[in-house]
Amino acid sequence: MKRDPALVPLSRQHHDGLALGVFIRRGLSESDPKWTLAELRAQALTLWDHEYFGHFAVEERFVFPVARKAIPDPSLVDALLADHEELRSCFALLQRRPPEQCRALLLQIGKRLVRHIRREERELFQALQASLDDGAMNALGRHVEEQLPAMCLSLGSAAT
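Definitions and limits used
- Residues numbered from 1 in each chain as written.
- Predicted model: local features only at pLDDT ≥ 70, side-chain atom pairs only at ≥ 80, totals over all residues.
- Heavy atoms only, no water.
- Axes fitted to C-alpha atoms, helices over the stretch in contact; angles between N-to-C directions.
- Helix = DSSP H or I, 4+ residues; strand = E, 2+ residues; numbered from the N terminus.
- Parallel < 35°, antiparallel > 145°, perpendicular 65-115°, else oblique.
- Left-handed = near helix turned anticlockwise from the far one by under 90°.
- Contact = heavy atoms within 4.5 Å.
- Nonpolar A, V, L, I, M, F, W, Y, C, P; charged D, E, K, R; others polar.
- Salt bridge = Lys/Arg side-chain N within 4 Å of Asp/Glu carboxyl O.
- Buried < 20%, exposed > 50% of the residue type's maximum accessible area, 1.4 Å probe, protein only.
- Phe/Tyr/Trp six-rings, centres within 6.5 Å; stacked < 30°, edge-to-face > 60°.
- Patch = residues over 30% accessible without salt bridge, like charges linked within 9 Å, V, L, I, M, F, W, Y side chains within 5 Å.
- Areas by Shrake-Rupley, 256 points an atom, 1.4 Å probe, with all protein chains shown as cover.
- Lys, Arg positive; Asp, Glu negative; His and termini not counted.
- Charge placed at Lys NZ, Arg CZ, Asp CG, Glu CD.
- Polar contact = N/O pair within 3.5 Å; in protein donor to acceptor, adjacent residues only side chain to side chain.
- Core = buried A, V, L, I, M, F, W, Y, C linked by side-chain atoms within 4.5 Å.
- Expected span 1.5 Å × (residues − 1).
- Bend = angle between axes of the 7 residues up to and from the residue.

*Asks:* Tell me about the packing of helix α3 (residues 75-96) against helix α4 (residues 103-131), residues and numbers included.
*Replies:* It is the contact of α3 with α4, at a shortest axis distance of 10 Å, that shows an interaxial angle of 155°. Of the possible angle classes, the one that applies to α3 and α4 is roughly antiparallel. Between α3 and α4 the crossing geometry is left-handed. In this structure, α3 uses Leu76, Val77, Ala79, Leu80, Asp83, His84, Glu86, Leu87, Cys90, Phe91, Leu93 and Leu94 to contact α4, whose residues at the interface are Leu105, Leu106, Gln108, Ile109, Arg112, Leu113, Arg115, His116, Arg119, Glu120, Glu123 and Leu124. Split by residue class, the contact of α3 with α4 holds 14 nonpolar, three polar and seven charged.

Below you can see the structure in the form of structure tokens.
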């Protein structure tokens, strides 16, 4: 199913998260890695600070409440919120640990982030598109378009 324009900004950011997952997996699995643990850690923390911290906030403020009321299985929202909390904890731990102690945590973050994004794209977004009428989807899209730049440094916001 083609992605509704209301959800495209979030899907674009999902692409960045999937890319981070691949970057981590490849960076840690190669016998002669191109990147150090410090570089992989820095890349993950940059994505978190500049994009995903705000991305999660927009989803939690606007997308998840709409989804909870609209989709056939609102327990999906609870599972996705639990993912957000787990990922927040992982990124907080990553921030505190020195790079040489981050290998397992980076792998965990990469796997969890990819799994979470795929679930949002394949299940949540599909369910929203099937459940919301054009007016509700457009209203959701307006909120997303207005809030993402204010919450995500990667989009050139003034957020701190």
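Don't stop here, the text continues.
*Asks:* Outline the pattern of salt bridges, listing residues and values.
*Replies:* Tallied over the entire structure, the rule returns seven salt bridges. A salt bridge links glutamate 121 to arginine 3; the nearest nitrogen and oxygen atoms lie 2.9 Å apart. Of this pair, glutamate 121 sits in helix α4 while arginine 3 sits in the segment before α1 (8-29); the two residues are 118 residues apart in sequence, bridging distant segments of the chain. Arginine 3 carries the same exposure label as glutamate 121, and that label is buried.

*Asks:* Which residues make up the packing of aromatic side chains, and what values do they have?
*Replies:* A complete count under the given rule lists five aromatic pairs for this structure. The interplanar angle of 85° and the centroid separation of 5.8 Å between the aromatic rings of tryptophan 48 and phenylalanine 53 together place this pair among those described as edge-to-face. Judged by centre distance (5.4 Å) and plane angle (75°), the ring pair of tryptophan 48 and phenylalanine 56 falls under edge-to-face. In this structure, tryptophan 48 and phenylalanine 56 share a single accessibility class: buried. Taken together, Trp48, Tyr52, Phe53, Phe56 and Phe91 form an aromatic cluster joined through their ring pairs.

*Asks:* So, a positive patch on the surface: which residues are in play, and what are the values?
*Replies:* Together, Arg25, Arg26, Arg118 and Arg122 line one region of the surface with positive charge. The set of elements that each furnish at least two residues to the positive patch consists of α1 and α4. Along the chain, the position of arginine 25 falls in helix α1. Assessed through its relative accessible area of 47%, arginine 25 is described here as partly exposed.

*Asks:* Would you mind going over the side chain of glutamate 59 in detail, with residue names and values included?
*Replies:* Inspection of the secondary structure assignment puts glutamate 59 in helix α2 (residues 37-70). One buried charged residue, glutamate 59, forms no salt bridge at all, with the nearest opposite charge on arginine 88 at 8.1 Å. Only 2.9 Å separates the side chain of glutamate 59 from the side chain of histidine 84, close enough to count as a polar contact. Residues in contact with glutamate 59, not counting those within four places in the same chain, are Leu10, His14, Phe64, Pro65, His84, His116, Glu120 and Phe125.

*Asks:* An account of the nonpolar core is requested, with residue identities and associated values reported.
*Replies:* Nonpolar side chains in soluble globular proteins generally cluster together in the buried interior. In this structure, Leu10, Val63, Ile71, Leu124, Leu128 and Leu140 are the most contacted members of the largest nonpolar core, which totals 22 residues. The greatest single-element share of this core, amounting to five residues, is contributed by α2. Those residues in contact with valine 63 that sit more than four places away from it in its chain are Leu10, Val58, Leu124, Phe125, Leu128, Leu140 and Val144. If you look at the next biggest cluster of nonpolar residues, it comprises 21 residues, including Phe23, Leu45, Phe56 and Ile109.

*Asks:* So what's going on with α4? Which residues, and what values?
*Replies:* Here α4 contains 29 residues, and its C-alpha end-to-end distance of 41 Å stays within 8% of the 42 Å for a straight helix at 1.5 Å per residue. Along α4, the helix axis deviates most sharply at glutamate 120, where the bend reaches about 35°.

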